[in-house]
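Geometric and topological summary
So you can see what is in the structure, the chains are spelled out below.
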Amino acid sequence: MNNTGTQNSSRNVIFLVAVAALGYFVDIYDLLIFSILRVQSLKDIGVPADQITEKGLHIQNMQMLGLLLGGIIWGIIGDKFGRIKVLFGSILLYSIANFANGFVTDVESYAIIRLIAGIGLAGELGAGITLVSETMSKENRGYGTMMVAVIGLFGAVAAAIVAKHCSWQTSYLIGGGLGAFLLLLRIGTFESGLYKNVAESKVSKGNMLMLFTNGKRFWRYLCCILIGTPLWYVVGVLVFLSPEFGKLLHATAPLSAGDGVMWTYIGISIGDVFAGVLAQILKSRKITILVFLLLSVVSVVFYLKADGMTPDKFIWLCLFMGIAVGYWANFVTIASEQFGTNIRSTVTTTVPNFVRGALIPITVLFKFFVKEYGFINSGYITMGILTLIALFALSQLKESFGKDLDYIEE
């Protein structure tokens with residue numbers, strides 16, 4: 001009986017990790033599809049060539065604003081009503097939004113629908129990582145979250161492949177269809193035992209004000225966000241604007257943002273494997289993230305110094321940058337491990353989405369430097385500032401590897 005129970009429990013955990021990974025796969029597909037389709041879709045709806053960069057950043061920022069809002073909404077729902085409800089609600093919302101995106105004809109409707117999609121997309125990763133972290137043993141949960149990130153990040157590869165072979169409208173419709181299929185898979189998922197115990201108590205759950213009413217807790221929360229900003233800058237600015245960077249670097253042919261996103265995310269998946277294994281060997285997430293932050297600076301320097309790069313060299317540089325910033329799974333896991341069960345979903349859902357949403361001020365900062373120093377120098381300056389901030393924030397966090405998560409925040 002005990003063996004049977006253990007086998008059933010193991011199968012349940014494997015199923016949960018698999019479904020969380022597939023959920024993140026669809027999440028990444030839908031999150032990045034605009035980055036890949038930006039130029040062609042904006043041309044087709046009549047945006048002049050000289051406005052594509054500006055309008056593209058506007059739509060991108062609207063999606064990021066949605067991620068900020070959605071992170072708060074879904075995080076609170078996850079702690080108050082359960083992680084499973086977040087998974088269903090968020091998938092339904094972003095699936096509908098992606099179906100709608102296939103029919104846009106103007107910039108403003110495009111931006112509003114990406115805002116709605118962003119709200120929906122915000123719930124997927126945090127709920128999945130929280131469930132996996134709370135369900136697996138403290139010694140092995142790093143492997144579980146690593147698998148979620150590795151499989152999930154290949155959603156970027158799928159998005160790039162689909163975009164190459166389908167129209168931009170069809171690519172959005174496929175994203176909506178993947179979400180609808182995922183809803184069916186989610187029927188068999190189960191709530192974490194740690195949350196069930198808290199749900200039955202009278203302790204305050206999903207109270208986001210708890211993160212701001214205690215100075216030490218707020219500082220811990222802010223530091224969790226800041227360590228992830230260099231990663232999203234690489235993806236959201238350096239790769240997103242690769243066609244523009246390519247012209248200034250005298251690339252031998254126009255650079256494709258779609259190819260850049262795909263190879264960067266392949267790199268991130270590879271990096272997540274190395275980072276996950278390194279964390280398990282060192283038994284330290286902090287040292288692992290430190291190594292990858294320093295490596296990411298090296299990769300960006302190589303990218304911004306690649307004058308006269310070929311499309312092939314661009315792909316290798318994107319792969320290198322992706323590997324270097326491949327600490328995403330460790331970053332999200334360390335955030336999850338820093339807080340108690342009663343606000344863990346709120347933290348784990350808001351932190352990665354606040355990092356994504358931080359792309360808005362990061363873009364403003366980058367554009368400010370562009371006016372003074374130009375595109376290339378601004379790339380160096382912005383990366384340097386974000387990395388220094390991230391290193392300081394990392395130094396302020398306690399090591400959380402192997403930490404017992406069965407506790408609450410008072």
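Preceding this section is the structure that the text describes.
Rules behind the numbers
- Residues numbered from 1 in each chain as written.
- Predicted model: local features only at pLDDT ≥ 70, side-chain atom pairs only at ≥ 80, totals over all residues.
- Heavy atoms only, no water.
- Helix = DSSP H or I, 4+ residues; strand = E, 2+ residues; numbered from the N terminus.
- Buried < 20%, exposed > 50% of the residue type's maximum accessible area, 1.4 Å probe, protein only.
- Contact = heavy atoms within 4.5 Å.
- Salt bridge = Lys/Arg side-chain N within 4 Å of Asp/Glu carboxyl O.
- Patch = residues over 30% accessible without salt bridge, like charges linked within 9 Å, V, L, I, M, F, W, Y side chains within 5 Å.
- Areas by Shrake-Rupley, 256 points an atom, 1.4 Å probe, with all protein chains shown as cover.
- Axes fitted to C-alpha atoms, helices over the stretch in contact; angles between N-to-C directions.
- Parallel < 35°, antiparallel > 145°, perpendicular 65-115°, else oblique.
- Left-handed = near helix turned anticlockwise from the far one by under 90°.
- Nonpolar A, V, L, I, M, F, W, Y, C, P; charged D, E, K, R; others polar.

Residue placement: Arg-217 occurs in helix α10 (residues 215-226). Relative accessible area serves as the criterion here: at 7%, Arg-217 is assigned to the buried category. Beyond its immediate stretch of four places on either side in the chain, Arg-217 contacts Met-210, Leu-211, Phe-339, Ile-343, Glu-409 and Glu-410.

A few words on the pattern of salt bridges. Taken as a whole and judged by the stated rule, the model has 4 salt bridges. In this structure, Asp-27 and Arg-356 form a salt bridge, with 3.6 Å as the shortest nitrogen-oxygen distance. Highlighted residues: Asp-27 in helix α1 (residues 2-44) and Arg-356 in helix α17 (residues 341-357), separated in sequence by 329 residues. For the pair formed by Asp-27 and Arg-356, the shared burial category is buried. For Glu-337, the salt bridge is made with Arg-285, and the minimal N-O distance between the two is 2.9 Å. Residue Glu-337 is found in helix α16 (residues 328-337), and its partner Arg-285 is found in helix α14 (residues 285-304); the two are separated by 52 residues along the sequence. Take Glu-337 and Arg-285: they sit in the same class, and that class is buried.

Our next topic: a nonpolar patch on the surface. Taken together, Val-273, Val-277, Ile-281, Leu-282, Ile-287 and Val-291 make up a surface patch of nonpolar side chains, about 470 Å² in accessible area. Those elements that provide at least two residues to the nonpolar patch are α13 (257-282) and α14. Ranked by residue count, the leading element in the nonpolar patch is α13, at 4 residues. In this structure, Val-277 sits in helix α13.

In helix packing, the relevant descriptors are the interaxial angle and the interaxial distance, both defined with respect to the helix axes. Two elements in contact, α10 and helix α18 (residues 359-396), have axes separated by 8 Å at closest approach and are oriented at 140°. In terms of their interaxial angle, α10 and α18 are classed as oblique. Handedness of the crossing formed by α10 with α18: left-handed. Contacts from Trp-219, Cys-223 and Leu-226 in α10 reach Ile-389, Ala-390, Phe-392, Ala-393 and Gln-396 in α18. Its residues assigned to classes, the contact of α10 with α18 comprises 7 nonpolar, 1 polar and no charged.

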